[in-house]
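Residue-level structure breakdown
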Amino acid sequence: MAILLGAIADDSTGATDVANTLVKEGMRAVQTIGVPDGDIDLGDAEAVVVALKSRTAPVDEAVDASRAALAWLRGLGPRQFFFKYCSTFDSTPAGNIGPVADALLADLDADFTFLCPAFPDNGRVVRDGLIYVNGELLENSSMKDHPLTPMRDSRVVELMRVQTNREIGLIKQATVSEGPAAIATAVDALRRDGVAYGVIDTAGNEDLRAIGAAAADHALVTGGSGAAMGLPANFRTAGLLGDLTPATLPQVSGRAAVLAGSCSRATRQQIAMAQKDWPHRKIDVHRIAAGDPVVADILDWAAAQDTSTPVLIYGSADPDEVAVIQAQYGVTEAGEMVEGVIGEVAAGLVAQGVRRVVVAGGETAGAVVSALSVKALRIGPEIDTGVPWTETLGTETLGGPPIALALKSGNFGGEDFFAKALRMHP
Ligand code: ADP
């Protein structure tokens, strides 16, 4: 059976986030880690999301990977495509949102797509083309200090303008509030003016559903995970999608670990809370740089802990500490050092019998799934907004056990997210 929706996400937590949105709207969803290199059993998936690690990759690599994902998804026969990026438009002046969207539009021979980063359930809305995070302009939010993609402008049109040569327009809230027909009329007008990208104001979920309805015949929709919210209804209206059935938890039990590489405010608060209850270790970047056996030390320490209690291992540090480390080792190098260690630690912990793993950080999650040779994930029920439990698919064929994974984008989740996730899946 052909799938209905094929999505490409620029990082792995983003992929999980959009898959989670589709699951909540009643689609069965599988996330693949990169473009599968061989046969893969997608089961009865109605939506497939390819998770790339392209957000901060060199532009050419990001474009090539996205085009390869599109080509592979096309083979599954979907009716529509989705390009998922962060609701805080995480990118640099070089890209990669603009160059990737340009390439996808060209390959699909399409002339228009929405730019809809909003995710109101997580406090991110777009008003007059400006992104707000929990009521604060993006440029004033903690995203201004992101280690890899510091966001110092809140204007989506301007953020995009330096990333593409195509025309960009804005569809304002007054039109969005009028509903799908008004939005479609605005799109027609933009198209006539040669505009390829329609930044669209979004205040709430009702708007996302209206935008989804207006995008029913768009080959490509782009945005945060919220932009996918209204799409399953189109398939249901067309008689292609059945009634809503709830997703089930992964059928996995075993020891638990929390691995955090995100330096976001939310993750640092979550770490502070979990530290009160669980044994924890911080990864020392200077020791990694000095070539010390950091991974072996952490694994020895973890093996000595009570197996009935989760272990917490983190690289996360506050912006001042991160700035010092980045100045000393370089932004990319410091990030890769921590990601590398967390990946190896994840593999070592699984070898010790860990079967439930919570990961904080988009890039960090990418490093973990790669270290665990995860090929695909079946999306289960949601823990906190945007973050579901997932179950690895196909690791058994590589000699590994199925693992329950919760991949959390840095800024997502309430303060007790780690405990909440593990309470849900004891
Ligand atoms: P988020 O989802 O918050 O963006 P990511 O994992 O995507 O989190 O990005 C955080 C980056 O910060 C990763 O590359 C991670 O390796 C890096 N990092 C983690 N701890 C430190 C640290 N102490 N110093 C410098 N960089 C760090």
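Residues numbered from 1 in each chain as written. Predicted model: local features only at pLDDT ≥ 70, side-chain atom pairs only at ≥ 80, totals over all residues. Heavy atoms only, no water.

1. Brief notes about the nonpolar core
Grouped together as the largest cluster of nonpolar side chains are 45 residues, with contacts concentrated most on F83, F89, M160 and Y197. Residue assignment for this core shows that the elements contributing at least two residues are strand 3 (47–51), helix 2 (59–74), strand 4 (80–84), helix 3 (97–108), strand 7 (130–133), helix 4 (156–161) and strand 10 (195–200). Residue contributions to this core peak at seven residues, all from helix 3. Setting aside chain neighbours within four positions, we find F83 in contact with I8, D10, I97, V100, A101, L104, L220, V221, T222 and G223. Membership of the second largest hydrophobic core comes to 39 residues, among which are A47, I171, I200 and A214. (Core = buried A, V, L, I, M, F, W, Y, C linked by side-chain atoms within 4.5 Å. Buried < 20%, exposed > 50% of the residue type's maximum accessible area, 1.4 Å probe, protein only. Helix = DSSP H or I, 4+ residues; strand = E, 2+ residues; numbered from the N terminus. Contact = heavy atoms within 4.5 Å.)

2. Thoughts on the domain arrangement of the protein
Annotation of the protein at the domain level lists domain 1 (5–237) and domain 2 (255–424). Each of domain 1 and domain 2 has a C-alpha centre, and these two points are 27 Å apart. Contact with domain 1, which involves 28 residues of that partner, is made by 33 residues of domain 2. With both sides pooled, the region where domain 1 packs onto domain 2 buries about 2400 Å², and carbon together with sulfur makes up 59% of that total. Area buried by domain 1 at its contact with domain 2 is led by T13, I33 and K53, which between them contribute 22% of it. Across the domain 1-domain 2 interface, the total number found is three salt bridges. Across the salt bridge formed by E339 and K53, the nearest N and O atoms sit 3.2 Å from each other. At the boundary of domain 1 and domain 2, one finds ten residue pairs in polar contact (both at pLDDT 80 or more). Secondary structure elements with two or more residues in the side of domain 1 that touches domain 2: helix 1 (12–24) and strand 2 (29–33). If one sorts the elements of the side of domain 1 that touches domain 2 by residue count, helix 1 sits on top with eight residues. (Domains from an automatic or database assignment. Buried area = accessible area lost by both parts, 1.4 Å probe. Salt bridge = Lys/Arg side-chain N within 4 Å of Asp/Glu carboxyl O. Polar contact = N/O pair within 3.5 Å; in protein donor to acceptor, adjacent residues only side chain to side chain.)

3. Focus: helix 3
For helix 3, built from twelve residues, the straight-helix expectation of 16 Å at 1.5 Å per residue is met to within 8% by its first-to-last C-alpha distance of 16 Å. Summarising burial for helix 3: ten of the twelve residues are buried, a large majority. All of the buried residues along helix 3 are I97, G98, P99, V100, A101, D102, A103, L104, L105 and L108. Count one or two residues on from helix 3 and you reach D109, which has phi positive near 55 degrees. (Expected span 1.5 Å × (residues − 1).)

4. Here's the deal with the site of the ligand
Taken together, the neighbourhood of the ligand is formed by 22 residues, with H146, S262, E339, E363 and T364 sitting nearest. Contacts to the ligand include G362, whose backbone N or O atom sits 2.9 Å from an oxygen atom. In the model, an oxygen atom of the ligand is placed 2.7 Å from a nitrogen or oxygen of the E363 main chain. Breaking the shell around the ligand down by element, the ones donating at least two residues are helix 12 (319–329), helix 13 (331–351) and helix 14 (362–371). The element that contributes the greatest number of residues to the shell around the ligand is helix 13, accounting for four residues. (Near = heavy atom within 4 Å.)

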